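Each chain is listed here by its residues.
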Amino acid sequence: MSRPSRKVVFFFPAFSSQEATAPLGILAVSTPLLRAGYQVCIIDSTITPNFHKRTLEELDGALCLGVSLVTGPMIRETVQIARAVKKRYPDKPVILGGWHPSLLPDQTLAADCVDIVVKGQGEDALLEIVQRIEAGESIQGVAGAGYKDSHSGKIVFNAPRHLKAIREMPPKAYHLADFDAYERVCGRRWAMYTSSLACPYNCAYCTNEGVYGRKWNALDAAQVAEETSDLVSRYGLSLLWIVDDNFLVDRERAIAIAEGLLQRGVKFDWSIQASTNLVCRFSVEELKLLRRAGLSQVAQGADTGSPKVMRLMQKDFQKIETIYHAADKLSQAGIRPSFNMIFGFPGEGEEERKESIALIMDVCRRYPGAEFWTNIFTPYPGAPVMQRAFELGIDVPKTLEGWVDFFPRYTVLPWLEGRRHREVQTMREYLRIAFNRVPIGLQRKNTLQRLVHGMIGVPARWRLDHSFYSLPFELWLKDTVNRWLSPPKTKVDAHQLEAEAVSC
Ligand code: B12
Ligand code: SF4
């Protein structure tokens, strides 16, 4: 008699970016499964040709399907695949994990194509779920999981699972990632890595507290230096994006990591996320040490140029001056200061928006090489600002599928719609071309595109200085050149490759 399959299939939907690399959440939850003797197969739609067909084929004989997703466009492919799976294999459970199911578990589980959701950390929860599925048992009592009762169809939520510190977590199963295929998509061989969990702060628009709490905890410097050196050597990577929410919380640890990397002598770039106030605690000499160890970019949430909006964002830990100081120190150390900005936060009007533009223009002029990435405020469930957003008339989707178009690149808000919304989008377009920016996964631009970009940078800066966005003919010129030279972009614009390789 043949032994029943012990395979778990994961699906990772396209995430609307060309900066493709292995999905860390899935690599994390795979390790306990592999250790328990299960076989794991990952289908990432960004690198897998015919991912739809492949997922269904791989599921033949597998125990279940796991999907990892955040709120927004990833939901489109999630629902498509989950529906197809339920149609072909009605008895195979579809399990959703990651940020969206963690923040909206009830609504996610209410979708007809979803059987189980996991809230928060998935390593232990998923292993227990898979063991129950294999044994033909109910999910009842598995902490952190929600499921539909097989008899009544009623939604049941078990007790929440306690957060585990990062030190107690197993290593991620990087060997499952097909780095060749990711490199073909984005032109760079890179990976994500986590060295700490959570953030001590609680910005009003951020969902972190709800999923990871505010108890920052981290791996030892020695472990980080050893693991990262090993990762880049083993997989021939040129960049690690350390996706910790706030890498610099422990100053001494950051310095010790840099020293450890220098001792090991493995050369690679790494990039971190940190708040400007914590960057400012480092001297330029210390930042130079981090630079020598490979730190190439620090992504920071500047978010606004208006002190009033900064307060509304609950960012008391950040003053406008700290944005300048951070840009200054990082520039002196040769590290690229990278900032995120949010337009349309509740309480931001035309004046505050102008303050933000002025900040961007000033920082970029004073510190050439500094870069700004902009978004429109997007009210994520679980963020502290949600109550205020509801009061202001925000209407959030009532179904899983409704969240597909919920995306900071084009969010329309009751207080930012119509002409105002169009103007902010035009302004964001001009900001994109006014100064240079370097995406994590390198985008390929040819000489003509670069030339046009350089030419229109001058009028773009003039327009931003004078808040003049009518007749945006430079944007038309740029789009026309891009259309000639690049393939058309889909709405979810991660490339679907015709590549041969897949990750299982
Ligand atoms: C890396 C990252 C990205 C990368 C993703 C790259 C990739 N290949 O995955 C990129 C740059 C594309 C990205 C884009 C965006 N991101 Co992002 N991103 C992150 C970041 C920094 C790290 C995610 C990560 O890998 N963590 C490490 C892994 C190990 O942890 P994890 O994902 O939490 O996974 C655990 C659990 O969630 C669970 N789990 C995860 N998957 C699964 C699957 C199953 C089956 C199970 C059972 C469990 C499970 O178990 C895991 C281990 O414990 C997080 C912040 C953070 N702290 O996590 C933001 C974050 C996820 N992003 C966020 C946002 C808002 C965005 C953008 C909208 C930003 C923008 N302005 O465009 C876009 C949206 C992309 C899209 N198309 O929808 C928000 C999500 C909010 C939400 N409600 O979903 C976060 C939380 C940042 C924040 N604090 O606000 N992001
Ligand atoms: S500093 Fe960053 S990670 Fe921390 S709460 Fe604010 S936005 Fe979230």
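Up top you'll find the structure we're talking about.
Residues numbered from 1 in each chain as written. Chains lettered and ligands numbered in written order. Predicted model: local features only at pLDDT ≥ 70, side-chain atom pairs only at ≥ 80, totals over all residues. Heavy atoms only, no water.

(A) The site of ligand 2, seen in detail. The environment of ligand 2 is formed by C199, Y201, N202, C203, Y205, C206, N208 and D245. Considering only residue class, the shell around ligand 2 consists of five nonpolar, two polar and one charged. (Near = heavy atom within 4 Å. Nonpolar A, V, L, I, M, F, W, Y, C, P; charged D, E, K, R; others polar.)

(B) Expanded view of helix α19 (residues 473–485). Across its 13 residues, α19 extends 19 Å between first and last C-alpha, which sits within 8% of the 18 Å expected from 1.5 Å per residue. What α19 keeps buried is the set E474, L475, K478, T480 and V481. On its buried face, α19 sits against α17 (418–434) and α18 (447–466). (Helix = DSSP H or I, 4+ residues; strand = E, 2+ residues; numbered from the N terminus. Expected span 1.5 Å × (residues − 1). Buried < 20%, exposed > 50% of the residue type's maximum accessible area, 1.4 Å probe, protein only. Contact = heavy atoms within 4.5 Å.)

(C) Focus on the sheet that holds strand β13 (residues 295–303). Pairing is parallel in the open sheet, where six strands are placed in the order β8-β11-β12-β13-β14-β15. Edge positions in the sheet fall to β8 (190–193) and β15 (371–376), since each has one partner strand and no second. Taking the axes of each pair of neighbouring strands and ignoring which way they run, one obtains an average angle of 20° across the sheet. Relative to strand β11 (residues 239–242), β8 runs parallel, the two being bridged by four bridges. Bridge pairing in β11 places Y193 opposite I242. (Pairing = 2+ DSSP bridges. Axes fitted to C-alpha atoms, helices over the stretch in contact; angles between N-to-C directions.)

(D) Summary view of the site of ligand 1. Taken together, 41 residues sit near ligand 1, with F15, S68, T71, E123 and Y212 positioned nearest. Contact between ligand 1 and T21: a nitrogen atom at 3.3 Å from a main-chain N or O atom of the residue. Contact distances for ligand 1 include 3.5 Å between a nitrogen atom and a backbone N or O atom of G98. Secondary-structure elements contributing two or more residues to the shell around ligand 1 are α1 (24–35), β3 (64–68), β4 (94–97), α4 (99–103), α6 (123–135) and α8 (208–212). (Polar contact = N/O pair within 3.5 Å; in protein donor to acceptor, adjacent residues only side chain to side chain.)

(E) Expanded view of the side chain of S338. Residue position: S338 is located in strand β14 (residues 336–343). Judged by its relative accessible area of 2%, S338 is buried. The residues contacting S338, other than those within four sequence positions of it, are Q297, V298, A299, Q300, E371 and W373.

(F) Representation of the state of the cysteines in the model. Overall, the coordinates contain zero disulfides when judged by the stated rule. Between C280, a free cysteine, and C203, which holds the nearest cysteine sulfur, the sulfur-to-sulfur gap is 15 Å. Judged by its relative accessible area of 17%, C280 falls in the buried class. (Disulfide = S-S within 2.5 Å.)

(G) View of the environment of R76. As for its position among the elements, R76 is in helix α3 (residues 74–88). Between the C-alpha atom of R76 and that of A14, which follows or precedes it by 62 residues, the distance is 8.9 Å.

(H) Highlighting the packing of helix α2 (residues 51–59) against α3. Running from N to C, α2 and α3 point in directions that differ by 40°, and their axes come no closer than 10 Å. Between α2 and α3, the crossing angle belongs to the class labelled oblique. Once α2 is placed against α3, the crossing between them reads as right-handed. Listed contacts from α3 to F51, H52, T55, L56 and L59 of α2 are E77, Q80, I81, A84, V85 and R88. Here the residues of the contact of α2 with α3 sort into six nonpolar, three polar and two charged. (Parallel < 35°, antiparallel > 145°, perpendicular 65-115°, else oblique. Left-handed = near helix turned anticlockwise from the far one by under 90°.)

(I) Here's a closer look at the pattern of salt bridges. Summed over the entire model, instances satisfying the criterion amount to 34 salt bridges. In this structure, the salt-bridge partner of R188 is D269, at a minimum N-O distance of 3.6 Å. Taken together, the positions of R188 in the loop between α7 (179–186) and β8 and D269 in strand β12 (residues 269–273) put the pair 81 residues apart, joining distant regions of the chain. According to the relative accessible area criterion, R188 is buried, its value standing at 17%. Put simply, K315 and D303 hold a salt bridge, and the shortest N to O gap is 2.8 Å. On the criterion of sequence distance, the pair formed by K315 in the loop between α13 (307–312) and α14 (320–333) and D303 in strand β13 is long-range, its members being 12 residues apart. The same class applies to K315 as to D303, namely buried. Each of E348, E350, R353 and R420 takes part in a single network of salt bridges with overlapping partners. (Salt bridge = Lys/Arg side-chain N within 4 Å of Asp/Glu carboxyl O.)

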